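# Commentary on secondary and tertiary structure
The chain contents come next:
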Amino acid sequence: MTLDYLMTLSIFAGINIMLALSLNILIGFAGQVSLGHAAFFGIGAYTSAVLTVNLGLNYWFALPLSVLISGFIGFLLGLPSLRVKHDFLVLATIGINFVVVSIFNYVQFFGGPYGIVGIPRPSLFGKTFDTFGYFIYTMVWLILSVVFVIYLSKVYLRYGFEAVKEDEEAAESIGVSVPRYKMYAFTISGAMAGLAGNLWAHYMGVIFPENFAFPVSITILTMVVLGGVGTITGPIIGAVIITLLPEILRFVQNYRMLIYGTIIVLVMLFMPEGLMGYIRKVIKR
Amino acid sequence: MNDPILVIDDVSKRFGGLQALRNVSFDVKQGEIHALIGPNGAGKTTLFNIINGFLKPTEGHVYFRGKRIDGMRPSAVASMGIGRTFQIVKVFPEMTVLENVLSGLGMDVYDGFRTFVEKPFSKERMNRAMEILESCGLSDFLDKLASNLPLGLQRKLEIARALATSPQLLLLDEPASGLNDLETNELRELIFKLNEKGITILFIEHDMKFTMNTAEMVTVLDYGEKIAEGKPEEVSKDPKVLEAYLGSGEVAESR
């Protein structure tokens, strides 16, 4: 095991943590179950790739733009949540995932099935990030994201989300506009997943539609569910486990979906509140 | 004291072919305890849902302190000063008792930028929450999950959460249903106490004894129409009301 390998793994873990935390804002905070989260991840990655490769924009301009655009598209894709709830919303978000991937696949501008290649690494003070530089860069964003999510969980926004999650009518009765809070959740979650997508695209240097397909959404969901929906440590731990699992157990690589599926089923059956929920219960006893 | 705080003006509501409310008009006066009664399916809850914005009237209007509120978002109606509880109790089950009340105290911040900066656990809000919980007899259960409370306490908590929004008018939908005699008496005490503080109360109730002992004014609905209105003792003698309740004998008994 080289240091490069460990740093690469940490970068993936960091990006996955950001994805899990952003999905957790939707599912765990606001109760809006999405099975299409890879779409937001992809939108962030493609936006930044298009801006830098196709339009030749500097990375540091593309970064805020890709986050803003992801947030805005999160807002747009959240609109169905105002009309449909529960299982119907789940189906709608799966549909959104397929539509977004199809657009990447069939629209020439996005490179089609060959994706976008030659996505530049960012550079700072004339020095292009090597693996170590990118590792530090990712960790900075990771820490900022974690702090951001902890902050959100301490202000009234979180109570608004929780109210919407637990009872929409009761939420309205205390002055929480349910549509407004659903849109907050989709926008914030989309922007954060978009940032993860940006980091991923500029590390990999090449992206394909397949990178953001439905199975990736399931993978992100597995991280959240395994760790514990609605907590903050849960999605972090879940993301780390799911990132490391295929590295530690090589065979997992080939049976990824089988194993993630099994994890979801087992967690739902035996510890529906995830690892963190389970640990908390054990401590309380 | 005698200005109407709430005016129901010729409100009708149709659901497809079903006429849930037909030309209902009445006033709730500032500071009064007003009951809305009637047999099952009379349209009482429908009217509540029109007042607080869950439903739009097919015809007619609702005015609160002179402002038209029908057609407004429920959250906006809540911000204007109308709190409510629900027939099937709707506390936030996964929040603690304290958090439920703190969630209500956020009403002034939910709609603006302050929701991103204001913290529920500020000293000022905590003090206010404790005050409300104390007045509702809930201070012993602060850290209990709302879902773990017995129904009587859940109903009180629902009122406490509504109080946290500082309402001028409180709508209570069957607050006594499912409560035992002791709990019902406590509820009545609480309603009187809130009313003394200047909160106008409009409640729906099936329990006639509770209604007659609590309300100053009673409006009776039957099949979506107002059939009587007046002081409890007048209403309970009204032949139309007796007829509507015929078979249950409840009105006669409670006299």
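Right above here is the structure, for reference.
None of the values given here were measured: they were computed from a predicted structure.

A few words now on the pairing of strand β8 (residues 200-204) of chain B. The side chains of a regular strand alternate, residue by residue, between the two faces of the sheet. All names here are of chain B. Along β8, 5 of the 5 residues are buried, which leaves the element largely enclosed by surrounding structure. Two strands pair when backbone bridges link them, and strand β3 (residues 33-37) and β8 are joined in this way by 4 bridges, in the parallel orientation. The partner of Ile33 across the bridge, within β8, is Ile201. For strand β7 (residues 169-173) and β8, the ladder comprises 5 bridges, and the chain directions are parallel. Paired with Leu172 across the bridge in β8 is Phe203. Considered for its hand, the β-α-β crossover made up of β7, helix α6 (residues 181-196) and β8 is right-handed.

What follows concerns the sheet that holds strand β4 (residues 59-64) of chain B. Sheet strands pair via backbone hydrogen bonds, and the direction of the pair is either parallel or antiparallel. All names here are of chain B. On the basis of which strands lie adjacent, the open sheet formed by 4 strands has the order β2-β1-β4-β5 and antiparallel pairing. Lying at the two open borders of the sheet, with one neighbouring strand each, are β2 (18-29) and β5 (67-68). In this sheet, β2 lies alongside strand β1 (residues 4-15) in antiparallel orientation, the contact comprising 8 bridges. Bridge pairing links Ile8 to Phe26 in β2. Against the sheet, helix α1 (residues 44-51) contacts β1, β2 and β4, and its axis sits at roughly 65° relative to β2.

One finds Ala185 and Ala196 of chain A together with Ala160 of chain B to be the most contacted residues of the largest nonpolar core, which totals 159 residues. With 15 residues, the single largest contributor to this core is helix α9 (residues 178-204) of chain A. Apart from residues lying up to four places away in sequence, Ala160 of chain B is in contact with Val101, Ile132, Leu133, Cys136 and Leu138 of chain B.

Our focus in this paragraph is the packing of helix α10 (residues 214-227) of chain A against helix α12 (residues 256-270) of chain A. All names here are of chain A. Running from N to C, α10 and α12 cross one another at 35°; their axes reach a closest spacing of 10 Å. α12 is crossed by α10, and the crossing has left-handed handedness. Contacts between α10 and α12 involve Pro215, Ile218, Thr219, Thr222, Val225 and Leu226 on the former and, on the latter, Met257, Tyr260, Ile263, Ile264 and Val267.

Residues and elements named next belong to chain A. Packing of helix α1 (residues 3-29) against α9 leaves a shortest axis separation of 9 Å and a crossing angle of 165°. With respect to α9, the element α1 is oriented roughly antiparallel. The way α1 lies across α9 gives a crossing that is left-handed. Residues Ile11, Ile15, Met18, Leu19, Leu21, Ser22, Leu23, Ile25, Leu26 and Phe29 of α1 form the contact with α9, whose participating residues are Ala185, Phe186, Ile188, Ser189, Met192, Ala193, Leu195, Ala196, Leu199, Trp200 and Tyr203. For the contact of α1 with α9, a count of residues per class yields 19 nonpolar, 2 polar and no charged.

We now examine the sheet that holds strand β9 (residues 217-222) of chain B. Residues and elements named next belong to chain B. Strand order in the open sheet formed by 6 strands is β6-β7-β8-β3-β9-β10, with mixed pairing between adjacent strands. At either margin of the open sheet sits one strand with a lone partner, and together these are β6 (82-84) and β10 (225-230). Each strand of the sheet is rotated relative to its neighbour by a mean of 20°, with strand direction disregarded. Where α1 meets the sheet, its contacts fall on β3, β6, β7, β8 and β9, and the angle it forms with β7 comes to roughly 150°. Together, β3, β7 and β8 form the strand contacts of α6, whose direction differs from that of β8 by roughly 150°.

Moving on, we get to α1 of chain A. Residues and elements named next belong to chain A. Helix length check: α1, at 27 residues, gives a terminal C-alpha distance of 37 Å against a target of 39 Å (1.5 Å per residue), a fit within 8%. Along its length, α1 reaches its greatest deviation from straightness, about 30°, at Leu23. Gly31 occupies a position one or two residues after α1 and carries a positive phi of about 70°.

Bringing the interface of chain B and chain A into the picture now. Counting residues at the interface gives 30 residues for chain B, matched by 18 residues for chain A. Elements represented by at least two residues in the side of chain B that touches chain A include exactly α2 (74-80), β6 and α3 (97-105) of chain B. Looking at which element gives the most residues to the side of chain B that touches chain A, the answer is α2 of chain B, with 4 residues. For the side of chain B that touches chain A, the class distribution of residues is 13 nonpolar, 9 polar and 8 charged.

Residue and element names in this part refer to chain A. If you trace the backbone, Val33 turns up in the loop between α1 and α2 (37-54). Its 18 C-beta neighbours within 10 Å are what place Val33 among the partly exposed residues. It is 13 Å that separates the C-alpha atoms of Val33 and Val164, two residues lying 131 residues apart in sequence. When sequence neighbours within four positions are dropped, the list of residues in contact with Val33 reads Ile27, Leu89 and Val90.

What follows concerns unusual backbone geometry. All names here are of chain B. Here the phi dihedral of Asp10 falls at roughly 55°; this positive angle occurs in a residue that is not glycine. Residue placement: Asp10 occurs in strand β1. For Asp10, a count of 12 C-beta atoms within 10 Å gives the class exposed. We note that Ser166 has phi near 50°; this positive angle belongs to a residue other than glycine. Within the secondary structure, Ser166 is located in the loop between α5 (151-164) and β7.

Calculation criteria
Residues numbered from 1 in each chain as written. Chains lettered and ligands numbered in written order. Predicted model: local features only at pLDDT ≥ 70, side-chain atom pairs only at ≥ 80, totals over all residues. Buried ≥ 20, exposed ≤ 12 C-beta atoms within 10 Å, placed from the backbone. Helix = DSSP H or I, 4+ residues; strand = E, 2+ residues; numbered from the N terminus. Pairing = 2+ DSSP bridges. Right-handed = clockwise from strand over helix to strand, strands pointing away. Contact = placed C-beta atoms within 7 Å. Axes fitted to C-alpha atoms, helices over the stretch in contact; angles between N-to-C directions. Core = buried A, V, L, I, M, F, W, Y, C linked by C-beta atoms within 7 Å. Left-handed = near helix turned anticlockwise from the far one by under 90°. Parallel < 35°, antiparallel > 145°, perpendicular 65-115°, else oblique. Nonpolar A, V, L, I, M, F, W, Y, C, P; charged D, E, K, R; others polar. Expected span 1.5 Å × (residues − 1). Bend = angle between axes of the 7 residues up to and from the residue.

These results come straight from atomic positions and should not be treated as a statement about function.
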